[in-house]
Protein chains: 2
Amino acid sequence: MRLGLDVMGGDFAPQNAMEGVILALPELGNDDTLILIGKESVIKQKLSEKGVSDKRLSIVNADEVIEMEEKPIKALKEKPNSSLSIGFQMLNAGDLDGFASAGNSGAVLAGAVSIVRCIPGVIRPCIGTVLPTENGSYAMLLDIGTTPDAKPDVLVQFAILGSIYMEIFGKKNPSVCLLNVGTEAGKGNQQTSTAFPLMQQSKHLNFIGNREPRDLFKGEADVFVADGFVGNIVLKELETFYRLLQKRGISDPFFDAFNYELYGGTSLLGINAPVVLGHGISSALAFKNMILQVKDVYSSGVLQKLRTIFEQYNDV
Amino acid sequence: MRLGLDVMGGDFAPQNAMEGVILALPELGNDDTLILIGKESVIKQKLSEKGVSDKRLSIVNADEVIEMEEKPIKALKEKPNSSLSIGFQMLNAGDLDGFASAGNSGAVLAGAVSIVRCIPGVIRPCIGTVLPTENGSYAMLLDIGTTPDAKPDVLVQFAILGSIYMEIFGKKNPSVCLLNVGTEAGKGNQQTSTAFPLMQQSKHLNFIGNREPRDLFKGEADVFVADGFVGNIVLKELETFYRLLQKRGISDPFFDAFNYELYGGTSLLGINAPVVLGHGISSALAFKNMILQVKDVYSSGVLQKLRTIFEQYNDV
């Protein structure tokens, strides 16, 4: 498998990315290749400093870097030789089987959509986050930021994308709900009240209705669906609480699972190839997990399954 | 001052309401009258049980009760002799100076809007909640539930309502922000990106721009504006966290301030008379605080100020 990594992406690039590479190597197979995309001289220097030489590593030089604060679409256009642009071009050309970046998240999303594109039939991609649940399991909240004004039919697609991912990664017949302000069918805003019957009718969903924020951590629903505005607000409030707990010196096994810096990254759901987006602040461990996540997504067959579903998507 | 209380409203009615009345009496003035609206026999019995006799108390009989789970508008129409209906009718007729209820919140809102009505010029009322801040002060988040699909011009009015209330209750030149997923001007969904320039232009606002959930508890912004869907989700997530902390036995002075059961209630902002809505689970202390809050709102002159602003509202 040919796994591409944007070595220049992230707040602590390329240091953390390169350390993540070293952590990942023992867990990759003999047939895997890890393609490091970034400034060749810097990558070589880092590998030499660490005394790492591994034939499964290869380098693709990228002279430009898209910075974290740049305007995504403008940056992609003006920096065709950036690690991000090259990564997506290689992925699109079939020179990579998957790609991971902890770079400018808007640019990762824009590059994925404009260069690799969505699975045919998918209107908009989405991204999800994992929520730890009180019963020791986990749930998924999506969309956490790609589409602030998702139309009801887009919400239904998000639900399907989340459901299939959760199923592929071990949840049988995942239960899907709409994140809402009340549980009755008519509750919410125009978006959720219109999405509700569409989700009920979808033959691809085990839709269990509306759920409120109090249900997020109960473990009764596997996938919570919201638009990118609401999902992002919910995630940011959760991160705020976690930081307040840390600041106040409160440690607790359940709340500690909210430390998103530990996680690898999040897949862009609905993009026609494996793409994993990491936090800007990704640690070396997070980079390692991102690399392994790309491999898992590729091996899982989730993309083939999604292509089949969305090919016949006229009958939701 | 003639303060009306819906004695039949709340999950523990009339017990907690009557205990709240007894707690409030020592803090009311000689000229105040507390009008208890509900089943006269029950009220009399409760007063007699407690050995309370006070000439500032009067009873208005209401044979019907709107239950917590009833459909608001239908219930108000079918139960004209409910404590809620009678309370709003008295308020509208000028027989009360203010009214408090911990009953069915949808019915309280519907009654306020349909019987007492909004201040002329106000499109929709809203309700806010108090957020404790890390610097020991507080901020206000609104709307927490009246209007799930607030148009941008309605959000601007919410901002003005919140700002004037905060000013009247002690914050000088309150800073107002839009709750958003990023801080730049163009960020967010259609609603927030359209509301942003309108808020900037408003001569009634000290608008400081967009703020994210991480800013909610910092104490830098006094009023956070969101629509009723987003605001309600944010509040419910906050309550969820507070309950998780409680459940896990974690006590901390800052987080303890999130115990909304202790607060009195929340004013319906934009209604043309003082109306305070309490939690269904209001304790006796909460009822006492609700009664005193009605008195404060009436005495503060906030309604006169709002009437003047919205009279000349053509030039926002």
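Look up a bit, the structure's there.
Model, not experiment: these values are computed from the prediction.

A. Geometry of the overall build of chain A. For chain A, the count of helices and strands is 11 helices and 11 strands. At 19 Å, chain A has a C-alpha radius of gyration in line with the 20 Å of a compact globule built from 316 residues. Along the three orthogonal principal directions, the C-alpha set of chain A runs to about 60 × 50 × 35 Å. When the 316 residues of chain A are sorted by exposure, 58% land in the buried category. Across chain A, contacts joining residues at least 24 apart in sequence account for 71% of those joining residues at least 6 apart. Total accessible area on chain A stands at roughly 12,500 Å², and carbon and sulfur atoms take up 49% of it. Seen as two clouds, the 29 positive and the 36 negative side-chain charges of chain A have centres 1 Å apart.

B. Focus on the environment of L205(A). Residues and elements named next belong to chain A. Inspection of the secondary structure assignment puts L205 in the loop between α7 (190-201) and β8 (206-211). Taking relative accessible area as the criterion, L205 reaches 12% and is therefore assigned buried. In this structure, the C-alpha to C-alpha distance between L205 and S175, residues 30 residues apart in sequence, is 7.7 Å. With residues near it in sequence (within four places) discarded, L205 still touches V156, A159, I160, S163, V176 and M199.

C. Seen up close, the interface of chain A and chain B. With 37 residues of chain A at the interface, the matching set in chain B holds 37 residues. Three residues stand out in chain A for area buried against chain B, namely F229(A), E237(A) and F241(A), and they jointly supply 19% of the buried area on that side. Linking chain A to chain B there are eight salt bridges. With a closest N to O distance of 2.9 Å, K236(B) and E212(A) form a salt bridge. On inspection of chain A and its partner chain B, the count reaches 14 residue pairs in polar contact (both at pLDDT 80 or more).

D. Region of interest: the pattern of salt bridges. This structure, assessed with the given rule, holds 34 salt bridges over all chains. Across the pair K71(A) and E184(B) runs a salt bridge whose closest N-O atoms are separated by 3.6 Å. In this pair, K71(A) sits in the loop between β3 (57-61) and α3 (72-78) while E184(B) sits in the loop between β7 (175-179) and α7 (190-201), so the two residues belong to two different chains. The exposure class assigned to E184(B) is partly exposed, which follows from its relative accessible area of 46%. A salt bridge links E167(B) to K305(B), with the shortest nitrogen-to-oxygen separation between them at 3.5 Å. In this pair, E167(B) sits in helix α6 (residues 152-168) while K305(B) sits in helix α11 (residues 302-311), placing the two residues 138 residues apart along the sequence. Through salt bridges that share partners, E212(A), R214(A) and K236(B) make up one connected network.

E. Spatial organisation of the sheet that holds strand β4 (residues 98-101) of chain B. Residue and element names in this part refer to chain B. Taken in spatial order, the 11 strands of this open sheet run β3-β2-β1-β4-β11-β10-β5-β6-β9-β7-β8, and their pairing is mixed. Both edges of this open sheet fall to β3 (57-61) and β8 (206-211), since each of them pairs with a single strand only. Across the sheet, the mean angle from the axis of one strand to that of its neighbour is 30 degrees, orientation sign disregarded. Sheet analysis places β4 next to strand β11 (residues 275-277), joined by three bridges and oriented parallel. Across the sheet, residue S101 finds its bridge partner in β11, namely L277. Of the strands in this sheet, β1 (2-6), β2 (33-38) and β3 touch helix α1 (residues 15-24), which is tilted by about 170 degrees from β2.

F. View of unusual backbone geometry. Residue and element names in this part refer to chain A. A cis amide bond links A13 with the next residue in sequence, P14, at an omega value of -5 degrees. The residue P14 is located in the loop between β1 (2-6) and α1 (15-24) in this model. In this model, N173 sits at a positive phi of 45 degrees, which is unusual for a non-glycine residue. Mapped onto the fold, N173 is located in the loop between α6 (152-168) and β7 (175-179).

G. The relation of the copies chain A and chain B, seen in detail. When chain A is brought onto chain B, the operation consists of a screw motion whose angular component is 180 degrees and whose axial shift is 0.0 Å, with 0.0 Å RMSD remaining. Such a turn and shift between the copies fits a two-fold axis. In this assembly, 100% of the residues forming the interface of chain A have copies in chain B that are likewise at the interface, indicating an isologous arrangement.

H. Region of the structure containing the environment of N210(B). Residue and element names in this part refer to chain B. Here N210 lies in strand β8. Residue class for N210 comes out buried when judged on its relative accessible area of 1%. Contacts of N210, omitting those with residues within four sequence positions, involve L178, N180, G182, T183, E184, A185, K187 and F196. Polar side-chain contacts of N210 include one of 3.1 Å to the side chain of N180. From its side chain, N210 meets the backbone oxygen of E184 in a polar contact 2.7 Å long.

I. Region of interest: a nonpolar patch on the surface. All names here are of chain A. A cluster of nonpolar residues, V130, Y138, F169 and Y263, forms a patch on the protein surface that exposes about 310 Å² of accessible area. Here Y138 shows up in strand β6 (residues 138-142). In this structure Y138 comes out as partly exposed when scored by relative accessible area, which is 30%.

J. Examining the pairing of β3(B) more closely. Residues and elements named next belong to chain B. Strand direction decides the pairing type here: β2 and β3, joined by five bridges, are parallel. Across the sheet, the residue bridging to L34 is L57, located in β3. As a crossover connection, the stretch from β2 through helix α2 (residues 40-49) into β3 is right-handed.

K. Structural view of the packing of aromatic side chains. Evaluated as defined, the whole model comprises 23 aromatic pairs over all chains. Plain terms: the ring middles of F196(A) and F207(A) are 5.2 Å apart, the flat faces sit at 75 degrees to each other, and that makes the pair edge-to-face. Here F207(A) lies in strand β8 and F196(A) lies in helix α7, a separation of 11 residues in the sequence. Considered together, F196(A) and F207(A) belong to a single accessibility category, that of buried residues. Grouped by ring-pair contacts, the aromatic residues F217(A), F241(A), F254(A), F255(A), F258(A), F217(B), F241(B), F254(B), F255(B) and F258(B) constitute a single cluster. Over the aromatic face of Y138(A) sits the side chain of K171(A), whose NZ or CZ is 4.8 Å from the ring centroid.

L. Main features of the sheet that holds β8(A). Residues and elements named next belong to chain A. Here we have 11 strands laid out as an open sheet, ordered β3-β2-β1-β4-β11-β10-β5-β6-β9-β7-β8, and mixed in their pairing. Across the chains shown, the open sheet's two edge strands, defined by having one partner strand only, are β3 and β8. Ignoring strand direction, the axes of neighbouring strands in this sheet form an average angle of 30 degrees. Two elements, strand β5 (residues 126-132) and β6, share five bridges in a ladder whose sense is antiparallel. Of the residues in β6, the one forming a bridge with P132 is Y138. Packing of helix α4 (residues 83-93) onto the sheet brings it into contact with β1, β2 (33-38), β3, β4 (98-101) and β11 (275-277), and relative to β4 it is tilted by some 165 degrees.

Rules behind the numbers
- Residues numbered from 1 in each chain as written.
- Chains lettered and ligands numbered in written order.
- Predicted model: local features only at pLDDT ≥ 70, side-chain atom pairs only at ≥ 80, totals over all residues.
- Heavy atoms only, no water.
- Helix = DSSP H or I, 4+ residues; strand = E, 2+ residues; numbered from the N terminus.
- Rg over C-alpha atoms; globule rule 2.2 N^0.38 Å.
- Buried < 20%, exposed > 50% of the residue type's maximum accessible area, 1.4 Å probe, protein only.
- Contact = heavy atoms within 4.5 Å.
- Areas by Shrake-Rupley, 256 points an atom, 1.4 Å probe, with all protein chains shown as cover.
- Lys, Arg positive; Asp, Glu negative; His and termini not counted.
- Charge placed at Lys NZ, Arg CZ, Asp CG, Glu CD.
- Buried area = accessible area lost by both parts, 1.4 Å probe.
- Salt bridge = Lys/Arg side-chain N within 4 Å of Asp/Glu carboxyl O.
- Polar contact = N/O pair within 3.5 Å; in protein donor to acceptor, adjacent residues only side chain to side chain.
- Pairing = 2+ DSSP bridges.
- Axes fitted to C-alpha atoms, helices over the stretch in contact; angles between N-to-C directions.
- Least-squares fit on C-alpha atoms with pLDDT ≥ 70 in both.
- Patch = residues over 30% accessible without salt bridge, like charges linked within 9 Å, V, L, I, M, F, W, Y side chains within 5 Å.
- Right-handed = clockwise from strand over helix to strand, strands pointing away.
- Phe/Tyr/Trp six-rings, centres within 6.5 Å; stacked < 30°, edge-to-face > 60°.
- Lys NZ or Arg CZ within 6 Å of the ring centre and 35° of its normal.

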